[in-house]
Amino acid sequence: MTLHNQIQEKYDAALNSKELLFFETTKVLKEVDGLKFEITYAPSLAKKPSSDPTMEEKKKIKVNPFLPPNPALFVQDLDEHSVVLNKFCIVPHHIIVVTKEFKSQSQPLFPSDLLAAWQCMMTAFGTTPALAFYNCGPFSGASQPHKHMQILPLQGQQPQPPIKALFNQIQDRKAGQIYVMDKLPFVHVITPLDRNFIDSSTDNEELGDYLAQMFFGLLDAMFQQLRKHATPDREISYNFIMTDQFMMLVPRSRELATLVQENLQVSINSLGFAGMLLVKTPEELAALENHPDLMQVLKDVAYAWNPNADVEDPMEQ
Ligand code: B4P
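In this report, we go over the structure that sits alongside the text. (Residues numbered from 1 in each chain as written. Predicted model: local features only at pLDDT ≥ 70, side-chain atom pairs only at ≥ 80, totals over all residues. Heavy atoms only, no water.)

### Concerning the pattern of salt bridges
Cut-off, in case you're wondering: Any carboxyl oxygen of Asp or Glu that lies within 4 Å of a side-chain nitrogen of Lys or Arg is treated as forming a salt bridge with it. Put simply, DSSP H or I for four residues or longer makes a helix, DSSP E for two residues or longer makes a strand, and each gets a number counted from the N terminus. The buried label goes to any residue with under 20% of its type's maximum accessible area, the exposed label to any with over 50%, and the partly exposed label to all in between, with areas taken from a 1.4 Å probe on protein chains only.
Tallied over the full model, the rule gives 5 salt bridges. Lys-147 serves as the salt-bridge partner of Asp-113, at 2.7 Å between the closest nitrogen and oxygen. In this pair, Asp-113 is assigned in helix H3 (residues 111–123) and Lys-147 in the loop between strand E8 (130–136) and strand E9 (148–153), connecting sequence segments 34 residues apart. Like Asp-113, the residue Lys-147 is buried in the burial classification. A salt bridge links Arg-254 to Asp-300; the nearest nitrogen and oxygen atoms lie 3.7 Å apart. Remark: Asp-300 occurs in helix H9 (residues 294–301) and Arg-254 occurs in the loop between strand E12 (246–252) and strand E13 (256–259); sequence separation between them is 46 residues. When its relative accessible area of 34% is taken as the criterion, Arg-254 is described as partly exposed. Sharing partners across several salt bridges, the network here consists of Arg-195, Asp-199 and Asp-244.

### As for the sheet that holds strand E3 (residues 35–41)
This is how the line gets drawn: Between any two strands, pairing holds if DSSP finds at least two bridges. All axes here are fitted lines through C-alpha atoms, helices being fitted over the stretch that makes contact, and every angle between N-to-C directions spans 0 to 180 degrees. Here a residue-residue contact requires only that any non-hydrogen atoms of the pair lie within 4.5 Å.
Strand order in this open sheet of 3 strands is E2-E3-E15, and the pairing throughout is mixed. The open sheet has two free edges, formed respectively by strand E2 (26–32) and strand E15 (276–279), since each of these has just one partner strand. Between one strand and the next, the sheet's axes are offset by a mean angle of 25°, whatever the strand orientation. Judged from the 7 bridges that link them, E2 and E3 form a sheet pairing that is antiparallel. By the bridge assignment for E3, Lys-30 is matched with Phe-37. The strands touched by helix H8 (residues 282–289) within the sheet are E2, E3 and E15, with E3 carrying the most contacts at an inclination of about 170°. Taken strand by strand, H9 contacts E2, E3 and E15, and its axis lies near 75° from that of E3.

### What about a negative patch on the surface?
The condition that has to hold: Nonpolar side chains (Val, Leu, Ile, Met, Phe, Trp, Tyr) within 5 Å and like charges within 9 Å form the patches, drawn only from residues with over 30% relative accessible area and no salt bridge. Exposure was quantified through the Shrake-Rupley algorithm and a 1.4 Å probe, taking into account, for residues, occlusion by the shown protein chains and nothing else. Working convention for charge: Lys and Arg count positive, Asp and Glu count negative, and His plus the chain ends are omitted. By convention, charge coordinates are those of NZ in Lys, CZ in Arg, CG in Asp, or CD in Glu.
A surface patch of negative charge is lined by Asp-203, Glu-205, Glu-206 and Asp-209. The exposure class of Glu-206 is partly exposed, given its relative accessible area of 35%.

### Section: the site of the ligand
For clarity, the threshold we go by: Near residues are defined by distance, with any heavy atom within 4 Å of the molecule or strand qualifying the residue. N or O atoms within 3.5 Å of each other form a polar contact, as long as, within protein, one can give a hydrogen and the other can take it, and as long as residues adjacent in sequence are counted only when both atoms are side-chain atoms. Amino acids are sorted into nonpolar (Ala, Val, Leu, Ile, Met, Phe, Trp, Tyr, Cys and Pro), charged (Asp, Glu, Lys and Arg) and polar (every other residue, Gly among them).
Close to the ligand lie 27 residues; Asn-86, Asn-135, Ser-143, Gln-150 and Lys-280 are nearest. At a separation of 3.0 Å, an oxygen atom of the ligand approaches a polar backbone atom of Gly-141. Between Asn-269 and the ligand, the recorded distance is 2.9 Å, taken from a side-chain N or O atom to an oxygen atom. In isolation the ligand offers 860 Å² of accessible surface; the protein chains occlude 93% of this area. Within the residue set of the shell around the ligand, elements represented by two or more residues are E8, E9 and E15. It is E15 that provides the largest number of residues to the shell around the ligand, a total of 3 residues. The residue inventory of the shell around the ligand, partitioned by class, reads 15 nonpolar, 9 polar and 3 charged.

This is the structure we're talking about:
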């Protein structure tokens, strides 16, 4: 049976047995600087038990939902990873690719991680495009300290994440080159992937090595940008986004964005930097809908891009 079919079967069974909780949502689109942000409002998610404790408290409680995964949510074993259904999902068939052995969510992604994520992204949802993401480190929006990547099918009106519109504006982009996008007011790096190489590769080791080469090149560039634009005073957390076209990294300064006027805080994970924001209360929804500049919300939890840091930055587009 294909991974796609296994996910569908397992999802239906887990939903029926209530081992998997699906939360109804409504969406609001809000355009800022060419980025059509998608704000997802999931009111019943506010009642999810695991959304209460902080990551530190969870570490103390020492409940690891991925070791072992709940059999009702387990889909398939890969070499070093297991594919598991997301217990708390707002997008049907959302999967999590977890390491079989405990590894830290503060580690970078290695060839086997990236290969597993890529292969799942390509096969888990049939022809529906997908987005992979990794919330790395304590300020990244991650709630589980066991290493896991997440993969979402991109259904509905937008078959690509909103950030793709800005990626498309990079002139004469070349696979493997690292770019920054001048509409984003925070430190980030993005690189197009070489689909000709990937699609012609028949060797998993070669493919994993290629993806890791792109990832570590990007990580190195992210640290270079960070050194130029900020003076981080804490361990570096970051968000990673991968589609079938590109990889992107954003270093994080904090997990919660403060919506000052409303005196509210919202948690932002990697999806926020793909242009997909999640809110759980009407107050949070109103605050984001009425916010004069959603880019500032992202900047608040990232590191500000200093336009004077290096005017001749060769990466700038
Ligand atoms: P993390 O990387 O640690 O954290 P997260 O994705 O930010 O989700 P969080 O746990 O903070 O939940 P939130 O209410 O913000 O990922 C942990 C993953 O493990 C999550 O996917 C979690 O649901 C899952 N999980 C926890 N316990 C589990 C168990 N026992 N078995 C299996 N899986 C378990 O967000 C809820 C969900 O909505 C998350 O999946 C989140 O990624 C997703 N989401 C957030 N923003 C979204 C958006 N804009 N669009 C679509 N989905 C979005």
